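# A structural walkthrough
What follows is each chain in one-letter form.
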Amino acid sequence: MELKGKICVITGAASGIGRALCFAFAEQGVKHLVCVDRDTPGAEATAKATGGTAYTVDVSSEIPVTAMIDAIERDIGPIDLYWSNAGIAVSGGLETSNDAWQKTWNVNVMAHAWAARHLVPLMAARGGGYLLNTASAAGLLNQLGAVSYGVTKHAAVGLAEWIAMTHGDDGIKVSVLCPQAVRSEMTRGQEDHVASIDGMMEPDDVARICIDAIRAETFVILPHPQVLNYMRRKTTDYDRWISGMRKLNRKFGQLG
């Protein structure tokens, strides 16, 4: 897909990857950019800097997500591309509280599902559209020290796969972004974390990679190329991979 002339929505737009994506999309000449975040000043700042429109939405609940989509479709126009980028990370193991599990599940998985459930019929009726979900390398490789994050990011990848398999013939394009550590508020102070083992990428660099992937309509976007090799090792010998992850856990697991 070429972004020029398209109406695009990006959640988590106040900072990090989402903010960088907004700037990258604006440079591509989109028709209208909608910058979404629960952080009102942050969303407004990104929108002002990119010539877009700000929406304050907490994507952890379904009604605000679907109401926002309806408002954009009514007031701005049909959404060509929707990037469900907002996410949260909660450190902890099996002691993680039910409330933390539910909040992580809602933001990291259900926000994608709610948007897709509402948008897929609309996009299919007009010939197609593009859904992009931000997951993580953790969705392919898991996450030491953060069980709810690793599990929900796996689910986010699975959801993207299911939509691509089920609705590709309806003209729905799907991509899932799976980076390792990217410099943001979420990763502040995490330079020694296991997710940063291959370095911490800048959001602007990730955004540029994403533009190329959208143009090529690539399903899985891997800003850190090492992740592909890790995936291959995992599928070639699962037991050996688990053994290697246990070694990493002994070194990094207590860092959260």
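These lines cover the structure that appears in this document, whether it is placed above or below. (Residues numbered from 1 in each chain as written. Predicted model: local features only at pLDDT ≥ 70, side-chain atom pairs only at ≥ 80, totals over all residues. Heavy atoms only, no water.)

Space inside the second largest pocket adds up to approximately 220 Å³. In terms of lining residues, the second largest pocket is bounded by 18 residues, among which N142, Q143, L144, G145 and M245 are the most central. The element that contributes the greatest number of residues to the lining of the second largest pocket is helix α9 (residues 238-252), accounting for six residues. Tallied by class, residues from the lining of the second largest pocket come to nine nonpolar, seven polar and two charged. (1 Å grid on protein atoms, 1.4 Å probe; cavity = no way out; pocket = protein on both sides within 12 Å on 5 of 7 lines; lining within 4 Å. Points joined across faces, edges and corners; volume = space filled by probe spheres on them. Helix = DSSP H or I, 4+ residues; strand = E, 2+ residues; numbered from the N terminus. Nonpolar A, V, L, I, M, F, W, Y, C, P; charged D, E, K, R; others polar.)

Inspection of the entire model under this criterion finds eight salt bridges. For R126, the salt bridge goes to E73, with nearest N and O atoms at 2.6 Å. Note that R126 is positioned in the loop between α4 (98-125) and β5 (129-134) and E73 in helix α3 (residues 62-75), a separation of 53 residues in sequence. In this structure, R183 and E202 form a salt bridge, with 2.7 Å as the shortest nitrogen-oxygen distance. Residue R183 is located in the loop between β6 (172-177) and α7 (203-216), and its partner E202 is located in the loop between β6 and α7; the two are separated by 19 residues in the primary sequence. (Salt bridge = Lys/Arg side-chain N within 4 Å of Asp/Glu carboxyl O.)

Together, R233, R240, R246, K247 and R250 make up a positively charged patch on the protein surface. Looking at the positive patch, the element that brings in the most residues is α9, giving four residues. Tracing the backbone through its elements, the reader meets R250 in helix α9. (Patch = residues over 30% accessible without salt bridge, like charges linked within 9 Å, V, L, I, M, F, W, Y side chains within 5 Å. Areas by Shrake-Rupley, 256 points an atom, 1.4 Å probe, with all protein chains shown as cover. Lys, Arg positive; Asp, Glu negative; His and termini not counted. Charge placed at Lys NZ, Arg CZ, Asp CG, Glu CD.)

For the structure shown, the criterion picks out two aromatic pairs. Pairing F25 with W83 gives two aromatic rings, centres 6.2 Å apart and planes at 65°, and the pair type is edge-to-face. Here the residue F25 occupies a position in helix α1 (residues 16-27), and W83 occupies one in strand β4 (residues 81-84), the gap between them amounting to 58 residues. In this pair, the class of F25 matches that of W83, namely buried. Ring centres of Y238 and W241 lie 5.8 Å apart, and the angle between their planes is 85°; this geometry places the pair in the edge-to-face category. With Y238 and W241 both in helix α9 and three residues apart, the pair spans about one turn of that helix. (Phe/Tyr/Trp six-rings, centres within 6.5 Å; stacked < 30°, edge-to-face > 60°. Buried < 20%, exposed > 50% of the residue type's maximum accessible area, 1.4 Å probe, protein only.)

On to unusual backbone geometry, then. Residue N142 is not a glycine yet carries a positive backbone phi of 80°. Mapped onto the elements, N142 comes out in the loop between α5 (138-141) and α6 (147-167). One non-glycine residue with positive phi stands out, namely E217, at about 55°. Here E217 lies in the loop between α7 and β7 (220-221). A relative accessible area of 36% places E217 in the partly exposed class.

Counting residues in each nonpolar core, the largest one holds 40 residues, and the members touching the most others are Y55, M68, I69, I79, Y82 and L131. Elements with a minimum of two residues in this core: β2 (32-37), α3, α4, α5, α6, β6 and α9. Top contributing element to this core by residue count: α4, with eight residues. In contact with M68, not counting residues within four places along its chain, are V36, Y55, V57 and Y82. Formed by 29 residues, the second largest nonpolar core is a distinct cluster that contains I17, A20, Y130 and I211. (Core = buried A, V, L, I, M, F, W, Y, C linked by side-chain atoms within 4.5 Å. Contact = heavy atoms within 4.5 Å.)

Take the environment of A115 next. Mapped onto the secondary structure, A115 falls in helix α4. Sequence separation of A115 and Y82 is 33 residues, and the distance between their C-alpha atoms is 8.2 Å. Apart from the residues lying within four places of it in its own chain, the contact partners of A115 are V65, I69 and Y82.

If you walk across this open sheet you meet the seven strands as β3-β2-β1-β4-β5-β6-β7, and the pairing is parallel. In the strand order of this sheet, the two ends are held by β3 (53-56) and β7, each with one partner. Summarising the sheet, β5 and β6 pair through six bridges and their orientation is parallel. In the strand pairing of β6, N133 is matched with V176. Seen against the sheet, α1 touches β1 (7-11), β2, β4 and β6 and runs at an angle of roughly 165° to β1. (Pairing = 2+ DSSP bridges. Axes fitted to C-alpha atoms, helices over the stretch in contact; angles between N-to-C directions.)

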